[in-house]
Amino acid sequence: QVQLVESGGGLVQAGGSLKLSCAASGRTVSRNTMAWFRQTPGKEREFIIRSSSIGTYYSETAKGRFTISRDNAKNTVYLQMNSLKPEDTTVYYCAGGKVGRSGTRPLDYDYWGQGTQVTVSS
């Protein structure tokens, strides 16, 4: 079983940057597809970006502003968010898929963190 813990959320001004971290424990996730989602209360969980063995896949939200990276030695995945907008305000979740699984839907992922709040002020 894999446990994921996000950190790095907080308050930032519009146009600023934040880097979220997702620390995995239980076993290494170097071969797993790892992704970031976000969810506003009352709305569906939205796919942002994923990193898999075949590369990185960006949502339209992520293109040009967000990047995903990994530090396998730390068993940690990061989400670098630049040029933040007030509409990026929400809770961000890290997700991990079992080896060989990938996708953009929440049901494609087996492991989830508890989420971290990002607030962008105008």
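The preceding data block contains the structure.
As a starting point, this report considers the structure included with it. (Residues numbered from 1 in each chain as written. Predicted model: local features only at pLDDT ≥ 70, side-chain atom pairs only at ≥ 80, totals over all residues. Heavy atoms only, no water.)

A few points about the overall build of the protein chain
Applicable threshold: Strands are runs of DSSP state E lasting at least 2 residues, helices are runs of H or I lasting at least 4, and numbering of each runs from the N terminus. Here the globule rule reads 2.2 Å times residues to the power 0.38, and the radius of gyration is calculated from C-alpha atoms. The rule is simple: take the accessible area with a 1.4 Å probe, protein chains only, and divide by the maximum for that residue type; under 20% is buried, over 50% is exposed, in between is partly exposed. Exposure was quantified through the Shrake-Rupley algorithm and a 1.4 Å probe, taking into account, for residues, occlusion by the shown protein chains and nothing else. In this tally Asp and Glu are treated as negative and Lys and Arg as positive; neither His nor the chain ends contributes. Note that the charge is assigned to NZ on lysines, CZ on arginines, CG on aspartates and CD on glutamates.
A tally of regular secondary structure across the protein chain gives 0 helices and 11 strands. Going from N to C terminus, the protein chain has its helices and strands arranged as β-β-β-β-β-β-β-β-β-β-β. Rg of the C-alpha trace for the protein chain: 13 Å, near the compact-globule value of 14 Å for 122 residues, within the 12% margin. In terms of its C-alpha atoms, the protein chain occupies a principal-axis envelope of roughly 40 × 25 × 25 Å. Within the protein chain, the proportion of its 122 residues that are buried is 45%. With an accessible surface of roughly 6200 Å², the protein chain has 48% of that area assigned to carbon and sulfur atoms. The positive charge centre, built from 15 side chains, and the negative charge centre, built from 9, are 5 Å apart in the protein chain.

Concerning the environment of Asp-88
Which entries qualify depends on this criterion: The contact criterion used is simple: two residues touch if any of their non-hydrogen atoms lie within 4.5 Å.
Looking at where Asp-88 falls in the secondary structure, it is placed in the loop between strand E8 (76-81) and strand E9 (90-96). Judged by relative accessible area, Asp-88 falls into the buried class, the value being 1%. In sequence terms Asp-88 and Thr-119 are 31 residues apart; their C-alpha atoms lie 7.4 Å from each other. Not counting residues up to four positions away in its chain, the partners in contact with Asp-88 are Arg-38, Arg-65, Phe-66, Ser-83, Val-118 and Val-120.

A short note on the nonpolar core
Heads up, the condition is: Residues belong to a common nonpolar core when they are buried Ala, Val, Leu, Ile, Met, Phe, Trp, Tyr or Cys residues joined through side-chain atoms within 4.5 Å.
Grouped together as the largest cluster of nonpolar side chains are 24 residues, with contacts concentrated most on Leu-4, Trp-36, Leu-79 and Met-81. Of all the elements in the fold, those that place two or more residues in this core are strand E3 (18-25), strand E4 (34-39), strand E5 (46-52), strand E7 (66-71), E8, E9 and strand E11 (116-121). The dominant element in this core, judged by the number of residues it contributes, is E3, at 4 residues. Beyond its immediate stretch of four places on either side in the chain, Leu-4 contacts Cys-22, Ala-23, Ala-24, Met-34, Cys-94, Ala-95, Gly-96, Tyr-111, Trp-112, Gly-113 and Gln-114.

A look at the pairing of E11
Applied cut-off: Strand pairing is assigned whenever DSSP detects at least two bridges linking the two strands.
Residues of E11 alternate between two faces, with Thr-116, Val-118 and Val-120 buried on one and Gln-117, Thr-119 and Ser-121 left unburied on the opposite face. The pairing of E9 with E11 spans 3 bridges and is antiparallel. Pairing of Val-91 across the sheet is with Gln-117, part of E11.

Overview of unusual backbone geometry
The phi dihedral of Asn-75 falls on the positive side, at around 55°, and the residue is not glycine. Secondary-structure assignment places Asn-75 in the loop between E7 and E8. According to the relative accessible area criterion, Asn-75 is buried, its value standing at 13%. Even without a glycine there, the phi angle at Ser-83 is positive, about 50°. Mapped onto the elements of the fold, Ser-83 is located in the loop between E8 and E9. Given the relative accessible area of 41%, Ser-83 is considered partly exposed.

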